[in-house]
Amino acid sequence: MVDKATRPTRDPVSFIDAGGYEISVAAGLLTRAGEIAAAAAPAHRYAVVSDSNVAPLYASRLVEQLGQSGESVPLCTVPAGEAHKNRESWAAITDQLLAAGLGRDSAIIALGGGVVCDLAGFVAATFMRGVPVVHIPTTLLSMIDASIGGKTGVDTPHGKNLVGAFHQPSAVIIDPEVLDTLPVSDLRAGLAEALKHGAIADAAYFDFIASSAPLLLAEDPGKRDVPALNHVIEKSVRLKVGVVAADERENGARKALNFGHTIGHAIELLSGFSMRHGEAVGVGMVLEAAAAERAGVTDAGTASRIRAALESAGLPTARPVGPSVSSILESMRGDKKSRSGEIEYAVPTRIGVMAGAGAGYTVRLSDAVVAEVLA
Ligand code: GLY
């Protein structure tokens, strides 16, 4: 296998100002990740948080770069998968940092996908009442979503991300070449979040992804349309940065990013995490748009356009048959997006335009309408 960690940076680095921190994007950037992280988050000690899939591929060189001052750099590795984004993993990592003697003058480097970004970010938000975190996302989903905007947290049996904190990173370092080692099923799942970006804010971008999906997702990384994939990364990063800049704490515009997540979180949780987050969000977008169409909020045909785009990316468009309608509604009521027991939905009126822009970016849909589409 090619050791990607030793490849030089070939492309010029794109720097995206996220307001308070910089997101750098370039193929081969991983070779300079330690240097960039140390400049953005100067610290006496560093720890790298990763998972059992990513650490064997990319962690050793990063640890070596970060340890050049002679201080040891603990590598905290959690088993891969959403099922491990929990308080137990948070405690295990925190204990490892304490045992290694890290203090307030430390920084955390998150190397992995969405689970690692959320978990390592939450460790950083809480360790010694808060130390810096730098994200090095290694999945499409974490490059365009989880690493940006400062949401950190863990899941509980009651729901996803119910314990967490806002904690903005000091830098995000994106090397699109690491997607070469990502299973294509995970690349697909990341593309669902990119489609969501198009659906909530940019119809032309939505259509671009839908039409180029087969070329973005070629099984053989050598046959992928790399410029198109890079465009998706940069476009989605910029789009998310813009939304977060408008509303960091999710009091309004940021709620748009929750399109598909109300039903999506419930079916992801009830699947025991056998559905990937992006897959569940894709199904959630179809069902939420269908319910909003029935309620007269969303233009007819929107749900079928989303369904067709997901199909072009080989993503599921129907919910798993196992969970009952009432268990899904019950799970949604426990989601942190509900208010006074009422479930709120962020839905577009049509592709590229959100409903409720003047009213908190959410709408109420009756349980009866939602139950119809869930059934
Ligand atoms: N993933 C949704 C958000 O960052 O707000």
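This write-up is about the structure you can find in this document. (Residues numbered from 1 in each chain as written. Predicted model: local features only at pLDDT ≥ 70, side-chain atom pairs only at ≥ 80, totals over all residues. Heavy atoms only, no water.)

Here we look at the overall build of the chain
1) Next: Across its full length, the chain carries 13 helices and 13 strands.
2) Next: Relative to the 2.2 N^0.38 estimate, which gives 21 Å for 375 residues, the radius of gyration of the chain is 20 Å and therefore close to what a compact globule would have.
3) Next: The dimensions of the chain, computed from C-alpha atoms along their principal axes, are 65 × 45 × 35 Å.
4) Next: Residues classed as buried in the chain amount to 58% of the 375 residues present.
5) Next: Accessible surface for the chain amounts to roughly 14,200 Å². Of this, 53% is attributable to carbon and sulfur atoms. (Helix = DSSP H or I, 4+ residues; strand = E, 2+ residues; numbered from the N terminus. Rg over C-alpha atoms; globule rule 2.2 N^0.38 Å. Buried < 20%, exposed > 50% of the residue type's maximum accessible area, 1.4 Å probe, protein only. Areas by Shrake-Rupley, 256 points an atom, 1.4 Å probe, with all protein chains shown as cover.)

Overview of the site of the ligand
1) Next: Neighbouring residues of the ligand: Asp145, Lys151, Lys240, Glu250, Arg254 and Leu257.
2) Next: In this structure, Lys240 approaches the ligand through a side-chain N or O atom, which is 2.5 Å from an oxygen atom.
3) Next: At 2.7 Å from an oxygen atom of the ligand is found a side-chain nitrogen or oxygen belonging to Arg254.
4) Next: Class assignment for the residues of the shell around the ligand results in one nonpolar, no polar and five charged. (Near = heavy atom within 4 Å. Polar contact = N/O pair within 3.5 Å; in protein donor to acceptor, adjacent residues only side chain to side chain. Nonpolar A, V, L, I, M, F, W, Y, C, P; charged D, E, K, R; others polar.)

Looking at the sheet that holds strand 3 (residues 45-51)
1) Next: Strands sit in the order 1-2-9-6-5-3-4 across an open sheet of seven strands; the sheet is mixed. In the strand order of this sheet, the two ends are held by strand 1 (14-17) and strand 4 (75-78), each with one partner. Neighbour-to-neighbour, the strand axes of this sheet turn through a mean angle of 15°, independent of strand direction.
2) Next: Pairing between strand 6 (residues 133-137) and strand 9 (residues 171-174): two bridges, direction parallel. (Pairing = 2+ DSSP bridges. Axes fitted to C-alpha atoms, helices over the stretch in contact; angles between N-to-C directions.)

Quick word on the packing of helix 6 (residues 184-201) against helix 7 (residues 203-216)
1) Next: In contact at an axis separation of 7 Å, helix 6 and helix 7 are set at 160° when each is read in the N-to-C sense. With respect to helix 7, the element helix 6 is oriented roughly antiparallel. Relative to helix 7, the crossing made by helix 6 is left-handed. Judged by residue contacts, Leu187, Leu191, Ala194, Leu195, His197, Gly198, Ala199 and Ala201 of helix 6 engage Ala203, Tyr205, Phe206, Ile209, Ala210, Ala213 and Leu216 from helix 7. (Parallel < 35°, antiparallel > 145°, perpendicular 65-115°, else oblique. Left-handed = near helix turned anticlockwise from the far one by under 90°. Contact = heavy atoms within 4.5 Å.)

A closer look at the packing of aromatic side chains
1) Next: Under the counting rule described, the total for this entry stands at one aromatic pair.
2) Next: On the basis of an interplanar angle of 40° and a centroid distance of 6.0 Å, the ring pair of Trp90 and Phe122 is categorised as tilted. Of this pair, Trp90 sits in helix 3 (residues 87-99) while Phe122 is found in helix 4 (residues 114-126), placing the two residues 32 residues apart along the sequence.
3) Next: By relative accessible area, which is 27% here, Trp90 ends up partly exposed.
4) Next: Across the ring face of Tyr205, the terminal group of Lys235 is positioned such that the distance to the ring centre comes to 5.9 Å. (Phe/Tyr/Trp six-rings, centres within 6.5 Å; stacked < 30°, edge-to-face > 60°. Lys NZ or Arg CZ within 6 Å of the ring centre and 35° of its normal.)

Concerning the nonpolar core
1) Next: Among the nonpolar cores identified, the biggest contains 99 residues, and Ile23 and Leu191 are the most heavily contacted of them.
2) Next: Among all residues touching Ile23, those that are not within four sequence positions of it are Ser14, Phe15, Ile16, Ala18, Ile148, Val172, Ile174, Val237 and Val241.
3) Next: In this structure, Leu97, Leu102, Ala110 and Phe122 belong to the second largest nonpolar core, which totals 19 residues. (Core = buried A, V, L, I, M, F, W, Y, C linked by side-chain atoms within 4.5 Å.)

Structural notes on the packing of helix 12 (residues 325-333) against helix 13 (residues 367-374)
1) Next: Direction vectors running N to C along helix 12 and helix 13 enclose 130°, while the axes themselves pass 10 Å from each other. When the interaxial angle is binned, helix 12 and helix 13 end up oblique. Helix 12 and helix 13 meet at a crossing whose hand is right-handed. Across the interface between the two elements, Val325, Ile328, Leu329, Met332 and Arg333 of helix 12 pack against Asp367, Val370, Ala371 and Leu374 of helix 13.
2) Next: Its residues assigned to classes, the contact of helix 12 with helix 13 comprises seven nonpolar, no polar and two charged.

Structural notes on the pattern of salt bridges
1) Next: This model, assessed by the stated rule, comprises 19 salt bridges.
2) Next: Between Lys240 and Asp145 there is a salt bridge, with its nearest N and O atoms 2.7 Å apart. With Lys240 in helix 8 (residues 226-246) and Asp145 in helix 5 (residues 140-146), this pair connects stretches of sequence that are 95 residues apart. Here Lys240 matches Asp145 in class, with each residue buried. (Salt bridge = Lys/Arg side-chain N within 4 Å of Asp/Glu carboxyl O.)

Comments concerning the state of the cysteines
1) Next: Scanning all chains against the criterion turns up zero disulfides.
2) Next: Considering cysteine sulfurs only, Cys117 is the nearest to Cys76, which forms no disulfide, with 15 Å between them.
3) Next: Residue classification places Cys76 among the buried positions, given a relative accessible area of 0%. (Disulfide = S-S within 2.5 Å.)

Focus on helix 1 (residues 33-40)
1) Next: Where helix 1 is concerned, the buried positions are Ala33, Gly34, Ile36 and Ala37. Buried residues along helix 1 cover an arc of 165° about the axis, so they all sit on one side.
2) Next: Those residues of helix 1 that are buried lie in contact with strand 2 (22-25), helix 2 (55-66), strand 5 (106-112), strand 6 and strand 9. (Arc of directions from axis to C-beta.)

Some words on helix 12
1) Next: Residues of helix 12 that are buried include every one of Ile328, Leu329, Ser331 and Met332, and no others. Projected down its long axis, helix 12 carries its buried residues within an arc of 160°, all on one side. Projecting away from the buried face of helix 12 at angles above 90 degrees are the exposed residues Ser326 and Glu330.
2) Next: Residues of helix 12 that are buried sit in contact with helix 9 (261-270), strand 10 (344-345) and helix 13.

Considering unusual backbone geometry
1) Next: A positive phi angle is found at Asn161, which is not glycine, with a value near 55°.
2) Next: Note that Asn161 resides in strand 8 (residues 159-166).
3) Next: Located in the positive-phi region is Tyr361, a residue other than glycine, with phi close to 60°.
4) Next: Tracing the chain through its elements places Tyr361 in the loop between strand 12 (353-354) and strand 13 (363-364).
5) Next: Classification of Tyr361 as partly exposed rests on a relative accessible area of 22%.

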